[in-house]
Amino acid sequence: MKFLILVMLLCYSFAFSSGDTTIHTNNWAVLVCTSRFWFNYRHMANTLSLYRTVKRLGIPDERIILMLADDMACNARNEYPAQVFNNENHKLNLYGDNVEVDYRGYEVTVENFLRVLTGRHENAVPRSKRLLSDEGSHILLYMTGHGGDEFLKFQDAEELQSHDLADAVKQMKEKRRFKELMIMVDTCQAATLFNQLQSPGVLAIGSSLKGENSYSHHLDSDVGVSVVDRFTYYTLAFFERLNIYDNASLNSLFRSYDPKLLMSTAYYRTDLYQPHLAEVPVTNFFGSVMETIHTDSVYKAFSSKTSNNKINSEMPVNQLSEHDELQKANIPNDELKTEKQKCPYTQMRVDLHEKLEKFENVDTVVNLGIAVMVFVVMISSSLL
Amino acid sequence: MATEKRDKEEEEVKTDDGSLKIKPRPIVQLGIFLVAHSPVFSVVFSAAGVLALLILPLLAKNTYISENALMPGSARSMLSNRDVSDGSKLVKDIKNYRLNHEGQGVEVQKLIGKYMSEMGAEVYYQKFHPEGNQFHPLHFFSGPDSYTLLDNVSCASYGVNVAGIIRAPRGDGKESIVLVTPYDFINGGDYEALSLGITGTLFSLLARVTWLSKDIIWLVADSRYGDYRPVAAWLTEYHSPSFKDSDLLKCGELNTADKFRRAGTMAAALVLKVDGRSERFEDTLSIYAEASNGQMPNLDLINVVNYLAVHRQGFYVKVEKVVSLLSSSWLKIIGEIFEAVGKLAHTLNPDWNFGIPTADYLEGSATLASSLYSQALGIPTGPHGAFRDYQVDAITLKVSPRFPPDSKTRQHDFFLRGAKLLEGTIRSVNNLLEKFHQSFFLYLLTSPSKFISVGVYMIAFALLVASLPMVAASLYIDGCKALNNSTLNPAGNFKSWKWLDAAKQVFALHLFGLIVTLLPYFICQVPGQHSPSNRSIMWGTTSSSLLLITFATIPGCSPFSSRRHGTNWAVLKSVTISAAFIGLCLMSIINFATAEIGALLLVPTCLIVQPIKPALRSRRIKSLLGAFCSMVLLTIGFPVMLFAISKGLFGEGLVGLSLGGEFWTWLESLWAWKSATYLYIGMVHLPCWLLCLCILFHPS
């Protein structure tokens, strides 16, 4: 009987942690430019612009997987060697000092892309090239290149089909690699790429509907090629107005796309995504949760996920309920603080940490806990 | 499984008397039907073939840039006035030097070389021998490397090319773009010097730009021995280096040994010429694209040049056309008919917009005829032809300015625009990642911006020749029946061998054609100087005596042999038509335009020809008319006659009695350029013509 209840408790605690209520822990971005060749300069510029934006809004470099299928900066045809611009005014060099390209050139293949998403890598692949997200991660997946009906061309040689993408996303969901995933695609007929998606928590936005082309925004007559696509250009225009603390909602982003300016119709797929778009800030995907843990010494700091696991595993089984209770007790407190600080998880953990620190007489707490449990067991057995 | 099932179904079809009869498949039925009604269908198909050729200008599509990478006109021109003044200075220096100095030296070349090296290019000089390619029957289809350098050359006459290479600053050095300006260093006029000015301007720019991915080669070809030869000599040296020191290298004061430099595979080549004054208000740009044997550069190259010239630099772009056709009344009537039909169709259904104005039709037809003629001739229309032999896409641009060559103020503007055009083209080609491959290689132009692709123009030819196998089959069946009725010879019952006698005759005459084709080689070997007319007389006499020998030695070959030996004329005609069909189809693969024009002549002749004797005997109007038609067609079909007519058609006129001589010279040019048309005339047209003659005088 005890055992049964214990199992029930365990189940409850797991359900609690893995459900939708999992707390947003971190942000990742996978930015992919799939086409090579000089005349596809704009795709690389698109991706690099978005890279710059998400970095500016707070996603650190180690959480951005940047895949660029070609090297425009060092192309012999580039009039500005080692520089990439997304505007003809040439004010902003996107290929500055701090660009970390994770996959470049012929490394950008459908296989590698799917490996990054699903996390099935060869052992030799370094951590910097892996998407090390967890079940609390918000992931932004941005892709640009040449696409068609339910496919996206990689490297002018192979294709990523909508089925492949949906399958990869499903695997990610199964493997609890994300909490929320936003897929943003700037290609022709981008909407068709989302047709097969089924996994919950996925928000998709494409630059054009089926049968529509996505167009480039303008031509740089010094470089001699188009330098940015319309959809990306207006996305960037939206984000340029924002800073890291801004509260603009996804809805406002989606409403900012004008089909007349885009020359195509932006498409959103929201049926798999529960939260109300008007209440979700864009920084949920394009920014990052900020996790500042103040510690006295360098080595005592817990890393976000492992710390929870540690507590669970190190505590004796019979302390579990107590731990749960503590958590429950903390929640109202936590909510109050959320309103003020907008950092619920960090705050909760800090609080928990502090409380655990405060317990000087751990033994009495444990004994009390056992006594309470025995009491509960007695009552329940007598009832049965 | 499927065939078994069908077989069963076929078996089930029973005839009236109950016996099983296998019903043939639909395709076989169709074949039998066509053969049974071959006279009607042959007329219909031939007429449709000619009609299809006439409506080709209506079916022409607008050209478009097929290759994404090209992006013509997307980059701003970077030419500055400094570049133009550099170019102008070069032209002025050359003119001044030529005014003050006379003679054969290489000082002008050195002047250009100095200019190039001042720009930062690698400069070298190349000597070449002006002797071109000689006719050699074995070298007909071989590559351009076949003519080897002569060992003991004299220093009396040789040309010197100058070439400069700008290395792409960040390129991989594996590809290059070639600019060619032919210039006669001794006799070159003021207009020719302008082409050096344009390229000099451009070169000054290219030497300082950062966007080059391919090296740029500027070749100033010494055109005192013609435009083609220096370019061909330079290309031969470029692609097949000789490791043996030629005596030529030591000629003159300029030592060019070990100096030849290369720059990777050529992506494209542009030949620039400036000549004459434009007749129009704008500067005129003529594009020449035909290379040997009707090969064309990729259509994208023409598109890029045309696009930039028309939409960016405001040139009037034209391609060659047959001017005499523009004023021909019959073509005008056809054009008017097509226009009326087009309008009618448009009223019936507003979506049908195939009608074009008569004037456009005339222009299109004249251009198409010229395009067809140039391709059929198989002789390159400019120095770009030499590049095609190495699978390099090349065109010749002939610019005619609208001002006299000594006008300084206009010259600046002209250099600027010419150089901008070339800069844009080079920048587009520079963007290429692969060889030109996206657009068409097989096409006919009806205007600089309209083309007819292979899929469309093949229809006309296919319709023309489609009647040949049909008529051949039907004649064979008729001939066999006739033979069966007339002979009691049991051997004649071997039905399948009846064509053998006729085939022997056809083979003999084709062999004769081959020998006649090769004869000029031996005539050229005859010692002593002979005028072209003498040579043609020699050729004519040997050929006719050979023909007589053929007729005498091979029994049954001659039309004058007795009836016993003679074959049935229907079978002979059947085999002749088959041979003509095979010959035309083979030729259409090698050079479509030749096959098309050849089919226009050969198909009606082959179809209409019949023995003249029975026709005369019967005295019926229909057969007399047929005999008359075949006589006319056979007269026109004689190659020399054909040559005379085409000369008249293209408005060149004949110079009195020297027809033989001119014909010889013409043929000489054909084999010198390795034109497959020459082979076609000798080995397909001539034998078929002779066979038709045999049928005409057949003693049946």
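Rules used in this analysis
- Residues numbered from 1 in each chain as written.
- Chains lettered and ligands numbered in written order.
- Predicted model: local features only at pLDDT ≥ 70, side-chain atom pairs only at ≥ 80, totals over all residues.
- Heavy atoms only, no water.
- Helix = DSSP H or I, 4+ residues; strand = E, 2+ residues; numbered from the N terminus.
- Buried < 20%, exposed > 50% of the residue type's maximum accessible area, 1.4 Å probe, protein only.
- Contact = heavy atoms within 4.5 Å.
- Areas by Shrake-Rupley, 256 points an atom, 1.4 Å probe, with all protein chains shown as cover.
- Pairing = 2+ DSSP bridges.
- Buried area = accessible area lost by both parts, 1.4 Å probe.
- Salt bridge = Lys/Arg side-chain N within 4 Å of Asp/Glu carboxyl O.
- Polar contact = N/O pair within 3.5 Å; in protein donor to acceptor, adjacent residues only side chain to side chain.
- Axes fitted to C-alpha atoms, helices over the stretch in contact; angles between N-to-C directions.
- Parallel < 35°, antiparallel > 145°, perpendicular 65-115°, else oblique.
- Nonpolar A, V, L, I, M, F, W, Y, C, P; charged D, E, K, R; others polar.
- Expected span 1.5 Å × (residues − 1).
- Bend = angle between axes of the 7 residues up to and from the residue.
- Phe/Tyr/Trp six-rings, centres within 6.5 Å; stacked < 30°, edge-to-face > 60°.
- UniProt positions renumbered as here; feature names shortened; annotations may be inferred.
- Core = buried A, V, L, I, M, F, W, Y, C linked by side-chain atoms within 4.5 Å.
- Right-handed = clockwise from strand over helix to strand, strands pointing away.

Visitor: Looking at this structure, I do not really get the overall build of chain A. What am I missing?
Guide: Per the secondary structure count, chain A includes 12 helices and 12 strands. Within chain A, the proportion of its 384 residues that are buried is 49%. Considering only contacts in chain A between residues 6 or more positions apart, those separated by 24 or more positions represent 73%. Accessible surface computed for chain A: about 19,000 Å², of which carbon and sulfur atoms make up 54%.

Visitor: Can you walk me through the sheet that holds strand β11 (residues 450–453) of chain B in this structure?
Guide: Each strand in a sheet pairs with its neighbour through backbone hydrogen bonds, running either in the same direction (parallel) or in the opposite one (antiparallel). All names here are of chain B. The strand order across the open sheet built from 3 strands is β1-β11-β10, with neighbouring strands paired in antiparallel fashion. Strand pairing shows two members of the sheet lacking a second neighbour, β1 (61–62) and β10 (443–447), which therefore form its edges. Two elements, β1 and β11, share 2 bridges in a ladder whose sense is antiparallel. Each bridged residue has a counterpart across the sheet, and for N62 the counterpart in β11 is K450.

Visitor: Would you mind showing me how to read the interface of chain B and chain A here?
Guide: How large an interface is tends to be reported as the accessible area lost when its parts come together. Each side of the interface is counted separately: chain B has 19 residues, and chain A has 18 residues. Here chain B packs against chain A, burying approximately 1,400 Å² in sum over the two surfaces, 51% of which is carbon and sulfur. Looking only at chain B, the three residues that lose the most surface to chain A are R76(B), R170(B) and L433(B), adding up to 37% of its buried area. Inspection of the chain B/chain A interface yields 2 salt bridges. We note a salt bridge from E79(A) to R427(B), for which the minimum N-O separation is 3.8 Å. In this structure, the connection of chain B to chain A is made through 14 residue pairs in polar contact (both at pLDDT 80 or more).

Visitor: Is there a simple way to think about the packing of helix α18 (residues 569–590) of chain B against helix α19 (residues 592–608) of chain B in this case?
Guide: Pairs of packed helices are described in terms of their axes, by the angle between the two and the distance that separates them. Residue and element names in this part refer to chain B. Axis separation between α18 and α19 bottoms out at 8 Å; the angle between their running directions is 170 degrees. Taken together, the axis directions place α18 and α19 in an arrangement best described as roughly antiparallel. For the pair formed by α18 and α19, the contact residues are K573, I577, A580, L584, M587, S588 and I590 on the first element and F592, T594, A595, G598, A599, L602, V603, C606, L607 and I608 on the second. When the residues that make up the contact of α18 with α19 are grouped by side-chain class, the tally is 13 nonpolar, 3 polar and 1 charged.

Visitor: I tried to follow the sheet that holds strand β7 (residues 158–161) of chain A on my own but got confused; where do I start?
Guide: All names here are of chain A. If you trace the 3 strands from one edge of the open sheet to the other, you get β5-β6-β7, paired in antiparallel fashion. Looking at which strands have only one partner, the edges of the open sheet turn out to be β5 (147–148) and β7. With 4 bridges connecting them, strand β6 (residues 151–154) and β7 associate as antiparallel partners. In the sheet register, F151 faces β7, and the bridge partner there is Q161. Set on the sheet, helix α3 (residues 110–118) makes contact with β6 and β7; between it and β7 the angle comes to about 35 degrees.

Visitor: Help me out: how do you make sense of the packing of α3(A) against helix α4 (residues 162–174) of chain A in this one?
Guide: Residue and element names in this part refer to chain A. One can describe the packing of α3 onto α4 by two numbers: an axis separation of 8 Å at closest approach and a directional angle of 25 degrees. In terms of orientation, α3 lies roughly parallel with respect to α4. Packed against α3, whose contacting residues are F113, L114, L117 and T118, the element α4 presents D164, L165, A168, Q171 and M172 at the interface.

Visitor: Please clarify how α19(B) should be interpreted in this entry.
Guide: Along an α-helix, residues three or four positions apart point the same way, because every turn accommodates 3.6 residues. Residues and elements named next belong to chain B. Compared with the 24 Å implied by 1.5 Å per residue over 17 residues, the 24 Å span of α19 between its first and last C-alpha is a close match. At A599, α19 shows its maximal bend, which comes to roughly 35 degrees. The buried count for α19 comes to 12 of 17 residues, which makes it a mostly enclosed element. Along α19, the residues classified as buried are F592, A593, T594, A595, E596, G598, A599, L602, V603, T605, C606 and L607.

Visitor: Help me understand the side chain of T396(B), please; the structure alone is not making it clear to me.
Guide: Residues and elements named next belong to chain B. Position of T396 among the secondary structure elements: in strand β9 (residues 393–400). A polar side-chain atom of T396 sits 2.5 Å from a polar atom in the side chain of H384. When near neighbours in sequence (up to four residues on either side) are disregarded, T396 contacts V271, K273, S286, I287, Y288, G382, P383 and H384.

Visitor: Just checking my understanding: could you explain the packing of aromatic side chains for this structure?
Guide: Two aromatic rings, taken as a pair, are described by how far apart their centres are and by the angle between their planes. Evaluation of the coordinates by the stated rule reveals 31 aromatic pairs over all chains. Between the aromatic rings of F231(A) and Y257(A), the centroid separation amounts to 4.8 Å while the plane-to-plane angle is 25 degrees, which identifies the pairing as stacked. Residue F231(A) is located in helix α5 (residues 230–240), and its partner Y257(A) is located in the loop between α6 (250–255) and α7 (259–262); the two are separated by 26 residues in the primary sequence. The exposure classification of F231(A) matches that of Y257(A), with both residues buried. Judged by centre distance (5.7 Å) and plane angle (80 degrees), the ring pair of W539(B) and W664(B) falls under edge-to-face. Taken together, the positions of W539(B) in helix α17 (residues 532–553) and W664(B) in helix α23 (residues 659–672) put the pair 125 residues apart, joining distant regions of the chain. The same class applies to W539(B) as to W664(B), namely buried. The rings of Y124(B), W234(B), Y238(B) and F260(B) are connected pair by pair, giving a single aromatic cluster.

Visitor: Quick question: what am I supposed to make of the UniProt feature "transmembrane region" (unreviewed entry) in chain B here?
Guide: Residues and elements named next belong to chain B. UniProt annotation of "transmembrane region" (unreviewed entry) refers to residues 40–60, 454–477, 506–524, 536–555, 575–603, 624–645 and 677–697 when read in the numbering used here. For the annotated span residues 575–603, helix accounts for 97% and strand for 0% of the residues, and the straight-line distance between the end C-alpha atoms is 14 Å. Strand forms 0% of residues 677–697 and helix 95%; the C-alpha atoms that close the span are 28 Å apart.

Visitor: How should the pattern of salt bridges be read in this particular structure?
Guide: Oppositely charged side chains are able to pair whenever their charged atoms sit close together. Residue and element names in this part refer to chain B. Enumeration according to the criterion identifies 27 salt bridges over all chains in this entry. R402 serves as the salt-bridge partner of D283, at 3.8 Å between the closest nitrogen and oxygen. You can see D283 sitting in the loop between β6 (265–274) and β7 (284–288) and its partner R402 sitting in the loop between β9 and α14 (408–431), a full 119 residues away along the chain. The class for D283 is buried, based on a relative accessible area of 2%. On the accessibility criterion, R402 (26% relative accessible area) is partly exposed. Between D393 and R388 there is a salt bridge whose closest N-O contact spans 3.1 Å. Assessed through its relative accessible area of 8%, R388 is described here as buried.

Visitor: How do you make sense of the environment of E150(A) when you look at a structure like this?
Guide: All names here are of chain A. Here E150 lies in the loop between β5 and β6. Sequence separation between E150 and L160 is 10 residues, and the spatial gap between their C-alpha atoms is 8.4 Å. Setting aside residues up to four positions removed in sequence, E150 forms contacts with L160, Q161, S162, H163, T192, L193, N195 and Q196. A polar atom in the side chain of E150 sits 2.6 Å from the side chain of S162. A distance of 2.7 Å separates a polar atom in the side chain of E150 from a polar atom in the side chain of N195.

Visitor: Is there a simple way to explain the nonpolar core in this structure?
Guide: One broad rule of soluble globular proteins: the nonpolar side chains tend to lie buried together. L31(A), Y41(A), L253(A) and F286(A) are the most contacted members of the largest nonpolar core, which has 131 residues in total. With 9 residues, helix α7 (residues 190–206) of chain B is the largest single contributor of residues to this core. Excluding its chain neighbours within four sequence positions, the residues that come into contact with L253(A) are M184(A), T235(A), F238(A), F239(A), V282(A) and F286(A). Core analysis: the second largest hydrophobic core is formed by 75 residues, L368(B), L444(B), A502(B) and L547(B) among them.

Visitor: Help me understand the pairing of strand β3 (residues 159–166) of chain B in this model?
Guide: Each regular strand carries side chains that alternate between the two faces of the sheet. All names here are of chain B. The buried fraction of β3 amounts to 8 of the 8 residues, a majority that puts the element mostly inside the structure. A two-sided burial pattern is seen for β3, the buried positions comprising G159, N161, A163 and I165 on one face and V160, V162, G164 and I166 on the other. Here strand β2 (residues 122–128) runs beside β3; their pairing, made up of 7 bridges, is antiparallel. Among the inter-strand pairings, Y125 is bridged to a residue of β3, identified as V162.

Visitor: Is there a simple way to explain the pairing of strand β5 (residues 215–222) of chain B in this structure?
Guide: Residue and element names in this part refer to chain B. Of all the 8 residues making up β5, 8 are buried; the element is thus mostly covered by neighbouring parts of the structure. Burial of the side chains of β5 extends over both faces: D215, I217, L219 and A221 are buried on one face and I216, W218, V220 and D222 on the other. Pairing analysis gives 5 bridges linking β3 to β5, with the strands arranged antiparallel. Bridge assignment links I166 to a residue of β5, and that residue is I216. Note: strand β4 (residues 175–183) against β5, 8 bridges, orientation parallel. Within the sheet, the bridge partner assigned to I177 lies in β5 and is I216. In this fold, the crossover linking β4 to β5 by way of α7 has right-handed handedness.

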